[in-house]
Amino acid sequence: MLPTWIEWCMARSDEPNDKDARLERIREVVRDDYERIRLANSPYQILNVVDGESLEQIEDRYNRYERFYRAENFQRLGDIDLTRKALDIRRAIGRAIVEVRRSGPRGGSNRVSRTHDTSIFEDSHDRHALAEISLNDGLTYLQLGELTEAGRFFRLSVDYDEMRAIALAYLGYVIQKQRSFDSSA
């Protein structure tokens, strides 16, 4: 199995100062991406693509972000704030690619509105993809021990796909853990 970009960066040198510099570079990349996504007005800005890129190029960009922003890459670094930002970025890019796939690649005149249109999630394929993203985010928060956030994402997964039994099971588990003293839970 090939190492992730983060593992590769961190393993390139045994000198502590060099590893510290690489870790700081990773933090800088995450901060920049987080800020860009926070201020983005369209899924194309979230994915950091320019006018005229093909759907294939957009998918390639998404796949690079998706591989980089996996929670397990950041959990190994031991920085909870960095891990949370990575999860937020991953969630945003997941939603952005669903929206781009739904609307198709943008050309010179095909612009996306500045507000997110929730009707794009009426397609069952899109709803399943968003349910899967939410389920994975919930599992990551569950691993971090953050039951409230985990429950929120399991609920979101169930909202996108009511038949997702695993999300329902995890949601029930989180509710039971949060209210173990309550027999009605």
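Given the structure is predicted, the values throughout are model-derived calculations rather than measurements.

J.: I tried to follow the overall build of the protein on my own but got confused; where do I start?
T.: Secondary structure summary: the protein contains nine helices and zero strands in total. Of the regular secondary structure in the protein, the N- to C-terminal order runs α-α-α-α-α-α-α-α-α. Scored against the burial criterion, the 185 residues of the protein give a buried share of 40%. For the protein, the proportion of contacts with a sequence separation of at least 24, taken over those separated by at least 6, is 62%.

J.: I tried to follow the environment of isoleucine 26 on my own but got confused; where do I start?
T.: Among the structural elements, isoleucine 26 can be located in helix H2 (residues 16-39). Classification of isoleucine 26 by relative accessible area gives buried; the value is 0%. A sequence separation of 48 residues divides isoleucine 26 from phenylalanine 74, and the C-alpha atoms of the two residues are 9.7 Å apart.

J.: When you look at the pattern of salt bridges in this model, what are you seeing that I'm missing?
T.: Pairs may arise between side chains of opposite charge once their charged atoms sit close together. What the rule picks out here adds up to 13 salt bridges. Here glutamate 66 and arginine 70 are joined by a salt bridge, their closest N and O atoms 3.2 Å apart. In this structure, glutamate 149 and arginine 152 form a salt bridge, with 2.9 Å as the shortest nitrogen-oxygen distance. Placement of both glutamate 149 and arginine 152 in helix H8 (residues 147-160) is noted, with a separation of three residues, approximately one turn of the helix.

J.: I'm lost on helix H6 (residues 80-103) in this one. Help?
T.: Side chains that are three or four residues apart share a direction in an α-helix, a result of its 3.6 residues per turn. Here H6 spans 35 Å end to end across 24 residues, near enough to the 34 Å set by a 1.5 Å rise per residue. One side-chain oxygen at the N-terminal end of H6 lies 3.2 Å from the backbone nitrogen of aspartate 81; it belongs to aspartate 79.

J.: What is the right way to read the confidence of the model for the protein from this model?
T.: Low-confidence regions, as indicated by low pLDDT, have predicted coordinates that should not be scrutinised in detail. With 75% of its residues at a pLDDT of 70 or more, the protein has an overall mean of 76. Per-element mean pLDDT across the protein ranges from 54 in helix H1 (residues 5-11) up to 88 in helix H3 (residues 43-46). Low pLDDT (under 50) marks residues 108-121, which in the prediction has 18 contacts with non-local residues, meaning those over four places away or in another chain.

J.: Got a minute to help me understand the packing of H8 against helix H9 (residues 165-178) in this structure?
T.: Pairs of packed helices are described in terms of their axes, by the angle between the two and the distance that separates them. Look at H8 against H9: their axes get within 9 Å of each other, and the N-to-C directions meet at 150°. Relative to H9, the element H8 lies roughly antiparallel. Between H8 and H9 lies a crossing of left-handed hand. Packed against H8, whose contacting residues are Leu147, Thr148, Ala150, Gly151, Phe154, Arg155, Ser157 and Val158, the element H9 presents Ala167, Leu168, Tyr170, Leu171, Val174, Lys177 and Gln178 at the interface. Looking at side-chain class alone, the contact of H8 with H9 contains nine nonpolar, four polar and two charged residues.

J.: Can you walk me through the nonpolar core in this structure?
T.: As a rule of thumb, soluble globular proteins bury nonpolar side chains together. Val30, Leu47, Tyr69, Phe74 and Ile93 are the most contacted members of the largest nonpolar core, which totals 23 residues. With eight residues, H6 is the single largest residue contributor to this core. Ala71, Leu87, Tyr141 and Phe154 belong to the second-largest nonpolar core, a separate cluster that totals 12 residues.

J.: How do you make sense of H9 when you look at a structure like this?
T.: Over its 14 residues, H9 extends 20 Å from the first C-alpha to the last, a length consistent with the 20 Å expected when each residue adds 1.5 Å. Buried within H9 are the following residues: Ala167, Leu171 and Val174. Angularly, the buried residues of H9 cover 65° about the axis, an arc narrow enough to put them on a single face.

J.: Help me out: how do you make sense of the packing of aromatic side chains in this one?
T.: Under the definition given, this model contains six aromatic pairs. Look at phenylalanine 68 and phenylalanine 74: their rings are 5.5 Å apart centre to centre, the planes differ by 85°, and that puts the pair in the edge-to-face class. Residues tyrosine 69 and phenylalanine 74 carry aromatic rings whose centres are separated by 5.8 Å and whose planes lie at 5° to one another, so their mutual orientation is stacked. Since its relative accessible area comes to 0%, tyrosine 69 is described here as buried. With a relative accessible area of 0%, phenylalanine 74 lands in the buried category. Ring pairs connect the aromatic residues Tyr65, Phe68, Tyr69 and Phe74, which therefore count as one cluster. One residue, lysine 85, lies across the ring of tyrosine 34, its end atom 5.3 Å from the ring centre.

Calculation rules
- Residues numbered from 1 in each chain as written.
- Predicted model: local features only at pLDDT ≥ 70, side-chain atom pairs only at ≥ 80, totals over all residues.
- Heavy atoms only, no water.
- Helix = DSSP H or I, 4+ residues; strand = E, 2+ residues; numbered from the N terminus.
- Buried < 20%, exposed > 50% of the residue type's maximum accessible area, 1.4 Å probe, protein only.
- Contact = heavy atoms within 4.5 Å.
- Salt bridge = Lys/Arg side-chain N within 4 Å of Asp/Glu carboxyl O.
- Expected span 1.5 Å × (residues − 1).
- Polar contact = N/O pair within 3.5 Å; in protein donor to acceptor, adjacent residues only side chain to side chain.
- pLDDT = per-residue confidence, 0-100.
- Axes fitted to C-alpha atoms, helices over the stretch in contact; angles between N-to-C directions.
- Parallel < 35°, antiparallel > 145°, perpendicular 65-115°, else oblique.
- Left-handed = near helix turned anticlockwise from the far one by under 90°.
- Nonpolar A, V, L, I, M, F, W, Y, C, P; charged D, E, K, R; others polar.
- Core = buried A, V, L, I, M, F, W, Y, C linked by side-chain atoms within 4.5 Å.
- Arc of directions from axis to C-beta.
- Phe/Tyr/Trp six-rings, centres within 6.5 Å; stacked < 30°, edge-to-face > 60°.
- Lys NZ or Arg CZ within 6 Å of the ring centre and 35° of its normal.

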